[in-house]
Amino acid sequence: MSVSMQGKIAVITGGAGSIGHATALTLAAAGADLMLVDINGEALAARRDTVAALGVRVETHVADVSKAADVAAYAARTLSAYGRIDAFFNNAGIEGKLGPTEEYDEAEFDRIIAVNLKGIFLGLRHVLPVMLRQGHGAIVNTGSIASERGLAGACAYNASKHGVIGLTRTAASEVGARGVRVNAVMPGVIDTPLLEAMLKMMFKGDVDAGKRVLGKVATQDRIGKPSEVGEVVTFLLSDAAAFVNGAAWAVDGGALSTIRH
Ligand code: NAD
């Protein structure tokens, strides 16, 4: 079966960001109508027309995924606009500040967990009931290669991304028999502003050196493109992945598959 999202309604959080936007383009190319959600209204407005140019309906909604009322509102808005939610890319995330665990700022820890972990929980909390009522739906949560390995200097980000996989597996086991699938995608090092912000901190401002070094993490000797994540997410959200549930799917150029030396 080739991947088609024809006639499906898909919600994307972080829809104005790099991976969210690339996935919006892939889902739109496969025929899905979209609700793009992001905290950044200006960026959302700038992205909207590019996606709509592919000939699908695109709505936007400004929300903070760490706030329950905002999450309830984007789910309700999607239902009033489209009547259902077939696919959900639960993706918004932040990198946060880097620092050793023994000195890590408590408020920063709470801020990162609120967006990257609680935001994913709230998305599940408000979208799963819709899908369970419908008797169908597919969700992809965004983890990271940091979901399966430690990441020095990023205790909060790392913990949040480990937690995403726990939420994914638990939800998948709860809803699988009721027609709903929940999977995670674990991007490796992907060329985005989020990566550049991290590299600035890790490599004292030398982003290009950081990209060269981190490209070596992948067996393919390069960093990945947002569209390469979008393709896998689109597959996981589609009926072509009908028997994939509770999976944590790496899109990392093989980084998690080996110890490079
Ligand atoms: P990005 O910064 O380009 O996009 C993230 C988007 O999320 C932005 O548009 C931002 O405005 C939005 N956002 C941030 N906080 C929000 C909030 N509270 N509510 C709603 N929206 C909010 O980054 P990206 O690289 O596209 O990241 C997308 C996801 O991929 C994140 O979960 C990130 O952790 C994950 N990821 C990225 C990489 C990478 O190398 N870029 C690697 C692994 C995982």
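As shown above, the structure is provided for reference.
Computed from a predicted structure; not experimentally measured.

Criteria and thresholds
- Residues numbered from 1 in each chain as written.
- Predicted model: local features only at pLDDT ≥ 70, side-chain atom pairs only at ≥ 80, totals over all residues.
- Heavy atoms only, no water.
- Helix = DSSP H or I, 4+ residues; strand = E, 2+ residues; numbered from the N terminus.
- Expected span 1.5 Å × (residues − 1).
- Buried < 20%, exposed > 50% of the residue type's maximum accessible area, 1.4 Å probe, protein only.
- Contact = heavy atoms within 4.5 Å.
- Near = heavy atom within 4 Å.
- Polar contact = N/O pair within 3.5 Å; in protein donor to acceptor, adjacent residues only side chain to side chain.
- Nonpolar A, V, L, I, M, F, W, Y, C, P; charged D, E, K, R; others polar.
- Pairing = 2+ DSSP bridges.
- Axes fitted to C-alpha atoms, helices over the stretch in contact; angles between N-to-C directions.
- Right-handed = clockwise from strand over helix to strand, strands pointing away.
- Core = buried A, V, L, I, M, F, W, Y, C linked by side-chain atoms within 4.5 Å.

### Digging into helix H5 (residues 155–175)
Spanning 21 residues, H5 covers 30 Å between terminal C-alpha atoms, matching the ideal 30 Å at 1.5 Å per step. When we look at burial in H5, the residues that qualify are Cys155, Ala156, Tyr157, Asn158, Ser160, Lys161, Val164, Ile165, Thr168, Ala171, Ala172 and Val175.

### Some details on the side chain of Asp64
Examined against the element boundaries, Asp64 turns out to sit in the loop between strand E3 (58–62) and helix H3 (68–82). Beyond its immediate stretch of four places on either side in the chain, Asp64 contacts Ile39, Asp70 and Val71.

### What about the site of the ligand?
Around the ligand, 27 residues are found, and the nearest of them are Ile19, Asp38, Asn91, Tyr157 and Thr192. Note that an oxygen atom of the ligand is positioned 2.8 Å from one of the side-chain N or O atoms of Tyr157. Note that an oxygen atom of the ligand is positioned 3.5 Å from one of the backbone N or O atoms of Gly188. Those elements that place two or more of their residues in the shell around the ligand are helix H1 (18–29) and H5. Residue classes in the shell around the ligand are distributed as 13 nonpolar, 11 polar and 3 charged.

### Looking at the sheet that holds strand E6 (residues 180–187)
Pairing within the open sheet is parallel, and its 7 strands lie in the order E3-E2-E1-E4-E5-E6-E7. A strand with exactly one partner marks an edge of an open sheet, and here the two such strands are E3 and strand E7 (248–251). Between one strand axis and the next, the sheet turns through 20° on average, direction left out of account. With 6 bridges joining them, strand E5 (residues 137–142) and E6 adopt parallel strand pairing. Residue Val140 lies in a different strand from E6, and its bridge partner there is Asn183.

### Notes on the pairing of E3
Side-chain direction in a regular strand flips from residue to residue, so the side chains alternate between the two faces of the sheet. With 5 bridges joining them, strand E2 (residues 33–38) and E3 adopt parallel strand pairing. Paired with Leu34 across the bridge in E3 is Val58. In this fold, E2 hands off to helix H2 (residues 41–52), which returns the chain to E3; that crossover is right-handed.

### Overview of the side chain of Ser144
Following the sequence through the fold, Ser144 ends up in the loop between E5 and H5. Look at Ser144 and you get buried, because its relative accessible area is 8%. From its side chain, Ser144 meets the backbone nitrogen of Ala146 in a polar contact 2.8 Å long. Excluding residues within four positions of it along the chain, Ser144 makes contact with Tyr157, Lys161, Val185, Met186 and Pro187.

### Thoughts on the nonpolar core
Residues Leu27, Leu34, Leu36, Phe89, Val185 and Leu237 are the most contacted members of the largest nonpolar core, which totals 30 residues. Those elements that place two or more of their residues in this core are strand E1 (9–13), H1, E2, H2, strand E4 (87–90), E5 and helix H8 (226–237). A total of 5 residues in this core trace back to one element, the largest contributor, which is H8. In this view, Phe89 contacts Val11, Ile12, Thr13, Ile19, Gly20, Thr23, Val140, Thr142, Val185, Val233 and Leu237; residues no more than four positions away in its chain are not counted. Counting residues in hydrophobic clusters, the runner-up holds 27 residues, among them Val37, Ala63, Val130 and Val175.

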